[in-house]
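As a plain string of letters, each chain reads:
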Amino acid sequence: MEIRRNKVVAIEYTLKDDQGTVVDRSGKTPLYYLHGHSNIVTGLEEALEGHKPGDSIEVSVPPEKGYGSYDPKLISNMPISRLPEGSKPMKGQKYNIQMGNQTRTATITKVRINDVEIDTNHVLADKTLHFSVRVRQVREATKGELEHRHAHAPHSDH
Ligand code: ZN
């Protein structure tokens with residue numbers, strides 16, 4: 001079965017940056033995603049279109065089809081009182097914070113007496129993403145998966 005919109009696809013992948021450093025990879029189990037619903041970055045989704053189980057692809061995804069360009073407006077100040085209770089903020093620490101209806105990872109870039117400077121750009125913003133991918137499985141999505149617009153674990157609709 002070929003990868004098309006509304007198929008659930010299992011992939012094994014390794015993601016490297018321009019320096020060749022591995023920044024992410026699938027673990028013991030492949031990553032399952034629902035094709036055509038932006039579950040994965042656009043550039044990788046486009047490259048996988050039409051492939052079949054067993055295919056291996058190498059693709060370099062530019063930032064505009066990956067995690068976007070770095071936006072200086074996503075640097076802001078936050079009072080220390082808004083951090084989780086008992087936390088001792090340090091430069092480089094990461095927190096999940098709620099921004100509108102989405103959760104983003106905020107990295108502390110400066111610590112002051114009463115507030116911290118946080119950067120909510122994606123850690124891979126501005127980066128070209130070098131993926132090595134092997135397609136393991138392609139199957140029809142279930143009704144539940146199409147309603148939720150993401151892949152589910154076997155025999156589960158939550
Ligand atoms: Zn679901």
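Residues numbered from 1 in each chain as written. Predicted model: local features only at pLDDT ≥ 70, side-chain atom pairs only at ≥ 80, totals over all residues. Heavy atoms only, no water.

### Observations regarding the overall build of the protein
Spelled out, the test is: Numbering of helices and strands runs from the N terminus; a helix is a DSSP stretch of H or I covering at least four residues, while a strand is a stretch of E covering at least two. Burial classes follow relative accessibility: with a 1.4 Å probe on protein chains only, a residue under 20% of its type's maximum area counts as buried, one over 50% as exposed, and anything between as partly exposed. Contact between two residues is taken to exist if any of their heavy atoms lie within 4.5 Å; hydrogens are not considered. Residue burial considers only the protein chains on display, and all accessible areas are found by Shrake-Rupley using a 1.4 Å probe.
Broken down by element type, the protein carries 2 helices and 9 strands. Counting from the amino terminus, the protein carries its helices and strands in the arrangement β-β-β-α-β-β-β-β-β-β-α. Its C-alpha atoms give the protein principal-axis dimensions of about 60 × 40 × 25 Å. Taken over 158 residues, the protein has a buried fraction of 33%. A separation of at least 24 residues holds for 61% of the contacts in the protein among residues at least 6 apart in sequence. When the accessible surface of the protein is summed, it comes to about 9,900 Å², and 48% of that surface belongs to carbon and sulfur atoms.

### Thoughts on the layout of surface pockets
What counts, and what does not: In this analysis a 1.4 Å probe is tested at points of a 1 Å grid over the protein atoms alone, and where it fits but cannot get out there is a cavity; an open set with protein on both sides within 12 Å along at least five of seven lines is a pocket; lining residues have an atom within 4 Å of a point. Grid points are joined across faces, edges and corners, and a volume is the space filled by probe spheres set on the points. In this classification, the charged set is Asp, Glu, Lys and Arg, the nonpolar set is Ala, Val, Leu, Ile, Met, Phe, Trp, Tyr, Cys and Pro, and all remaining amino acids, among them Gly, are polar.
Size it by volume and the largest pocket reaches roughly 200 Å³. If you trace the largest pocket, you find it lined by Gln 102, Thr 103, Arg 104, Thr 105, Thr 107, Thr 120, Asn 121, His 122 and Val 123. When the residues that make up the lining of the largest pocket are grouped by side-chain class, the tally is 1 nonpolar, 7 polar and 1 charged.

### Considerations on unusual backbone geometry
Of note in the backbone geometry, Ser 38 takes a positive phi value of approximately 55° without being a glycine. With respect to the helices, strands and loops of the structure, Ser 38 is situated in the loop between strand E3 (31–34) and helix H1 (42–48). The class of Ser 38 is exposed, set by a relative accessible area of 58%.

### Digging into the coordination of the zinc ion
Convention followed: Note that water is not among the atoms considered, so a metal site may appear incomplete; the donors listed are N, O and S atoms within 2.8 Å of the metal, with 3.2 Å applied to Na, K and Ca. Think of it this way: with four donors and all angles in the 85 to 135 degree range, the site is tetrahedral; with four or six donors, opposite ones beyond 155 degrees and the rest between 65 and 115, it is square planar or octahedral; otherwise it is irregular.
Here the zinc ion is held by the protein donor atoms His 148 (ND1), His 150 (NE2), His 152 (NE2) and His 158 (NE2), which lie 2.0 Å from it. Seen from the zinc ion, its 4 donor atoms lie at angles of 93 to 128°, and the figure they make is tetrahedral. As a motif over one chain, the donors of the zinc ion read H-x1-H-x1-H-x5-H.

### A closer look at the sheet that holds strand E5 (residues 75–79)
Applied cut-off: Two strands pair under a simple rule: DSSP has to find at least two bridges between them. For helices, the fitted line uses only the C-alpha atoms of the stretch in contact; every axis is such a line through C-alpha atoms, and the angle between N-to-C directions lies from 0 to 180 degrees.
Taken in spatial order, the 4 strands of this open sheet run E5-E8-E7-E6, and their pairing is antiparallel. Unpaired on one side and paired on the other, E5 and strand E6 (94–99) mark the two borders of the sheet. With strand direction ignored, the average angle separating the axes of adjacent strands in the sheet is 45°. Where E6 lies against strand E7 (residues 102–111), 6 bridges are found, and the strand directions are antiparallel. Each residue of the ladder has a partner; that of Ile 97, found in E7, is Arg 104.

### Observations regarding the domain arrangement of the protein
Selection rule: What marks off one domain from the next here is an automatic or database domain assignment.
Here the protein is partitioned into domain 1 (7–67 + 124–148) and domain 2 (72–119). On a C-alpha basis, the centroid separation for the pair domain 1 and domain 2 is 29 Å.

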